[in-house]
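Observations on chain architecture
Next come the chains, spelled out residue by residue.
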Amino acid sequence: MKRQHNFSAGPAAIPQSVLERAQTELLDWNQQGLSIMEMSHRSKEFVGVAQKAEQDLRILLNIPQNYKVLFLQGGATSQFAMIPLNLARADQTTAYIETGMWSKKSLDEARRFSNMQVIASAAERNYLSVPSQSELILGADVAYLHYASNETVAGLCFDYIPHTGDVPLVADMSSDILSKQIDISKFGMIYAGAQKNIGPAGLTVVIIREDLLDRAQISIPKMYNYEVHAAAESMSNTPPTFAWYLSGLVFEWLREQGGVAAIEAVNDRKAANLYRQIDSSDFYYNRVVLANRSKMNIPFNIKDSVLESKFLELSTAAGLLNLKGHKAAGGMRASIYNAVSENSVQALVDFMQDFEQRFG
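Residues numbered from 1 in each chain as written. Predicted model: local features only at pLDDT ≥ 70, side-chain atom pairs only at ≥ 80, totals over all residues. Heavy atoms only, no water.

Within the chain, the regular secondary structure consists of 9 helices and 14 strands. For 360 residues, the compact-globule estimate of 2.2 N^0.38 gives 21 Å, and the chain sits close to it at 21 Å. Along the longest, intermediate and shortest principal axes, the C-alpha atoms of the chain span 65 × 60 × 30 Å. Looking at the chain as a whole, 55% of its 360 residues qualify as buried. When contacts within the chain are restricted to residue pairs at least 6 apart in sequence, long-range pairs at least 24 apart make up 67% of them. Summing over all exposed atoms, the chain offers an accessible surface of approximately 15800 Å²; the carbon and sulfur share of this is 49%. Each charge sign in the chain was given a centre, from 33 positive and 38 negative side chains, and these centres are 2 Å apart. (Helix = DSSP H or I, 4+ residues; strand = E, 2+ residues; numbered from the N terminus. Rg over C-alpha atoms; globule rule 2.2 N^0.38 Å. Buried < 20%, exposed > 50% of the residue type's maximum accessible area, 1.4 Å probe, protein only. Contact = heavy atoms within 4.5 Å. Areas by Shrake-Rupley, 256 points an atom, 1.4 Å probe, with all protein chains shown as cover. Lys, Arg positive; Asp, Glu negative; His and termini not counted. Charge placed at Lys NZ, Arg CZ, Asp CG, Glu CD.)

Turning our attention to the pattern of salt bridges. All chains considered together, the criterion is met by 21 salt bridges. In this structure, Asp56 and Lys52 form a salt bridge, with 2.6 Å as the shortest nitrogen-oxygen distance. Pair noted here: Asp56 and Lys52 are both in helix 2 (residues 44–61), with a separation of 4 residues, about one helical turn. A relative accessible area of 38% means that Lys52 is categorised as partly exposed. The partner of Asp211 in a salt bridge is Arg209, and the shortest N-O contact between them spans 2.5 Å. (Salt bridge = Lys/Arg side-chain N within 4 Å of Asp/Glu carboxyl O.)

Quick look at the pairing of strand 3 (residues 93–98) now. For strand 3, the tally of buried residues reaches 6 of 6 residues, placing the bulk of the element in the interior. Along strand 3, one buried face is formed by Thr93, Ala95 and Ile97 and the opposite face, lined by Thr94, Tyr96 and Glu98, is buried too. Sheet topology places strand 3 next to strand 4 (residues 115–121); 6 bridges connect them, and they run parallel. Counted as the bridge partner of Thr93 is Asn115 from strand 4. Crossover handedness for the path strand 3 to helix 4 (residues 101–110) to strand 4: right-handed. In the sheet, strand 3 pairs with strand 5 (residues 142–148) via 3 bridges, with the strands oriented parallel. Bridging from a neighbouring strand, Ala95 pairs with Leu145 of strand 5. (Pairing = 2+ DSSP bridges. Right-handed = clockwise from strand over helix to strand, strands pointing away.)

This next bit is on a nonpolar patch on the surface. A cluster of nonpolar side chains, namely Leu26, Leu27 and Met37, defines an oily patch on the protein surface of about 330 Å² accessible area. Its location among the elements puts Leu27 in the loop between helix 1 (16–25) and helix 2. Owing to a relative accessible area of 73%, Leu27 belongs among the exposed residues under this scheme. (Patch = residues over 30% accessible without salt bridge, like charges linked within 9 Å, V, L, I, M, F, W, Y side chains within 5 Å.)

See the structure below:
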């Protein structure tokens, strides 16, 4: 079997060594005579797996002790409703920065459960750069400020962490968590769908400061209440056990690579290599302002757009998979999350050079 180069935006690449280990343990986990998928989530064996995964994540991100780590179902999209229901009164203002598709989806949902206000938007910049800190003016009685640190569709990311004073900062880090070092203490809450840099789809990680756990609206459903999940160690109901287990293996793999600082250096090299190819060419282009270019999701186009379908056809045949851009953006997009190797990025660069020589 030959593994292909996978540039999918999500569900995305998982380290091969992690998949191989899961394969060897699939039928008989730790000589228990059954699969981890068949094991009770309340058994001491699985509780040990869950606790190890949380501890490794805490080490990787240097999570302070006054933060709870939750492993939840429903995807990051469920958080779009859970956040205002947990962190704001129904009549309270919630502030949002709009920088693309995913931040727009989150604010549209928040509008249903709070007095949502967009305090800054990248729309007037054609989503080529993010609003500056000076534009982030928060009014009185703001429950929190929400933003998406990295937008996967347009390849737009923040080059700074918004300063909010005493207002809790909430970040959707679904597509860049664990890709670079961050100061968790600057956030009230961080959440991330697993299927990009953590593990398989079906799991969402929430990192929330403990003092925010008692703000939930009275009418909130029990399974939407962060305090309920925190009190039950994320086992108020049956959690996605296999996704939790596999994510734990990814955390172990990251620690073996040297942790987040080491993987950040690799990610810097991968992104620099691909952007160098795009920028040094009169054939390809990326319009995002340099400071706000994503290192996880790199969209690009060919100046003669007629050639883009040919590029996608031949790249797929060459084993470079899932390069088609999002339907809202078109063109191509290479998602180069942690599990995408430098060799895969180099293979893409080599193909781009060859394609340009043939068709440029």
